[in-house]
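Below are the chains, spelled out letter by letter.
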Amino acid sequence: MATKIQLRRDTSANWQGTNPVLAQGEPGVELDTKKMKVGDGIQAWNDLEYVAAGNEEDSTTNMFVKLDGMYNELGPSWAGVVSVSTDGLNWTPSTFNQKFTDYQDWEVYGLAVGNGRIVYRTYDYTADREQLRWALNPFDKPNLPQGTNSDVTRLGPNGEEISWRNIRYVGDKFVAVGSYYDNDRDDYNYPYAAYSTDGDNWTKINIDLDYAYTMINNEVNANDDVDGLEFYDVAYGDGGWLFVNHWGPYDNSGGQNDFANAFYATDLSATIGQTSLVTGIPGSYTVKFDGKGWVTWSNYDAPTGNSSILYVNRNTDPRTGSWIQVDMDTISQQLTGTYFGSIT
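Reading the values: rules and limits
Residues numbered from 1 in each chain as written. Predicted model: local features only at pLDDT ≥ 70, side-chain atom pairs only at ≥ 80, totals over all residues. Heavy atoms only, no water. Pairing = 2+ DSSP bridges. Helix = DSSP H or I, 4+ residues; strand = E, 2+ residues; numbered from the N terminus. Axes fitted to C-alpha atoms, helices over the stretch in contact; angles between N-to-C directions. Salt bridge = Lys/Arg side-chain N within 4 Å of Asp/Glu carboxyl O. Buried < 20%, exposed > 50% of the residue type's maximum accessible area, 1.4 Å probe, protein only. Contact = heavy atoms within 4.5 Å. 1 Å grid on protein atoms, 1.4 Å probe; cavity = no way out; pocket = protein on both sides within 12 Å on 5 of 7 lines; lining within 4 Å. Points joined across faces, edges and corners; volume = space filled by probe spheres on them. Nonpolar A, V, L, I, M, F, W, Y, C, P; charged D, E, K, R; others polar.

S.K.: I tried to follow the sheet that holds strand β7 (residues 106-114) on my own but got confused; where do I start?
M.R.: Sheet strands pair by backbone hydrogen bonding; their relative direction is either parallel or antiparallel. Here three strands make up an open sheet; going across it, the order is β7-β8-β9 and the pairing antiparallel. The strands lining the two open edges of the sheet, one partner per strand, are β7 and β9 (129-135). Going from strand to strand, the sheet's axes swing by 20 degrees on average, the running direction of each strand aside. Pairing between strand β8 (residues 117-124) and β9: seven bridges, direction antiparallel. The residue of β9 that forms the bridge with Y123 is E130.

S.K.: It is not clear to me how the pattern of salt bridges should be interpreted in this structure. Could you clarify?
M.R.: One side chain can pair with another of opposite charge once the charged atoms of both are near each other. As enumerated under the stated definition, the model contains nine salt bridges in all. Residue E26 is joined to R8 by a salt bridge in which the shortest nitrogen-to-oxygen separation is 3.3 Å. One end of the pair, E26, is in the loop between α1 (12-18) and β2 (27-30); the other, R8, is in strand β1 (residues 8-10), and 18 residues separate them in sequence. A relative accessible area of 23% places E26 in the partly exposed class. Note on R8: relative accessible area 38%, which makes it partly exposed. With its nearest N and O atoms 2.9 Å apart, the salt bridge here joins E230 to R165. Here R165 lies in strand β10 (residues 162-170) and E230 lies in strand β14 (residues 229-237), a separation of 65 residues in the sequence. For R165, a relative accessible area of 24% gives the class partly exposed.

S.K.: Please explain the sheet that holds β14 as it appears in this structure.
M.R.: The four strands lie next to each other as β14-β15-β16-β17, forming an open sheet whose pairing is antiparallel. With partners counted over all chains shown, the strands left at the sheet margins are β14 and β17 (277-278), one partner each. Here two bridges tie strand β16 (residues 262-265) to β17, and the two strands are oriented antiparallel to one another. By the bridge assignment for β17, F263 is matched with L277. Contacting β14, β15 (240-247), β16 and β17, helix α2 (residues 209-221) crosses the sheet at an angle of about 35 degrees to β15.

S.K.: I tried to follow unusual backbone geometry on my own but got confused; where do I start?
M.R.: Backbone geometry follows two general trends: most residues other than glycine have a negative phi, and most peptide bonds adopt the trans configuration. Of note in this structure, N115 is not a glycine but carries a positive phi near 55 degrees. Examined against the element boundaries, N115 turns out to sit in the loop between β7 and β8. One non-glycine residue, D186, lies in positive phi territory at about 60 degrees.

S.K.: Before we go on, may I ask you to explain the environment of T271 in this structure?
M.R.: Positionally, T271 belongs in the loop between β16 and β17. What makes T271 partly exposed here is its relative accessible area of 48%. Along the chain, T271 and N206 lie 65 residues apart, while their C-alpha atoms are 4.7 Å from each other. Contact partners of T271, with chain neighbours within four places excluded, come to N206, I207, D208 and S276.

S.K.: I would appreciate a short explanation of the layout of surface pockets in the present structure.
M.R.: Where empty space is left in the structure can be found by rolling a water-sized probe over the atoms. Space inside the second largest pocket adds up to approximately 210 Å³. Lining the second largest pocket are 16 residues, with L111, I167, R168, Y169 and K288 positioned closest to its centre. Across the lining of the second largest pocket, the residue classes tally to ten nonpolar, two polar and four charged.

Laid out in structure tokens, this is it:
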């Protein structure tokens, strides 16, 4: 007579809620995620690692990951509530992973997925600074980088705190962008960036700080109330990375006498400076490449005063051609008869 063997099983949420200690060698299965852990008789469920399926390095290949807390009662989006998908349409149930963060010690504000890894942009309350962390899949506890030049993800050129604005996986690399405060250069904030292929080993991108100082000083002398220049986002297309700038972090100018513009680099090992400058773009928060051209999003100079605008360049090389201003209010009114800023 055949014998049926059933493993200890429950949903991922129930496992995490009860947090039992499995006996040594005892398996436990998550029914909704199909993932498994094996007990050691000591560690509780939330502290055990998942059993790797196949090549662990490929665990995030072709995987979409989103911070999903804002859509349910499990917790806010930065608290470690994640969903995953292999097609971007069908998602696993939202899962709060206590190994991810208890959001008392550190929080998560963004992520990028690539090369079988996830890199998170986090804030560490113990260290009191922003940091990058990496993991092989969204259900493991992210690690602080410990590899080559990993300190460049935590401290600026002279030990300053870094304010990370974005992390992207673009051009087969993780690229993190932001700024740091330099009290040796007239107390301004200066752009900062680093890149990695695995999230653990990092290389700082060289930036011509003398030229950045010139840009900042020109804006300040034009009577605009700003305190620096920072990289806010990065995208890759046609063999190069476009870094969009923004005056700040503090900007009380209400407009711009000089555009913050952007920098385009075809080699991340080269210094980014005046020869890399792309003009005709105001301070931007987001940049995308759609295969045919570039789009940046800004909140400056909307003609109606009610909305933000897009700047579009239909050339694959952003250094050529011109940037066309597209007002979101104009588009919204044409499509819906309502101003973009009025839509709720």
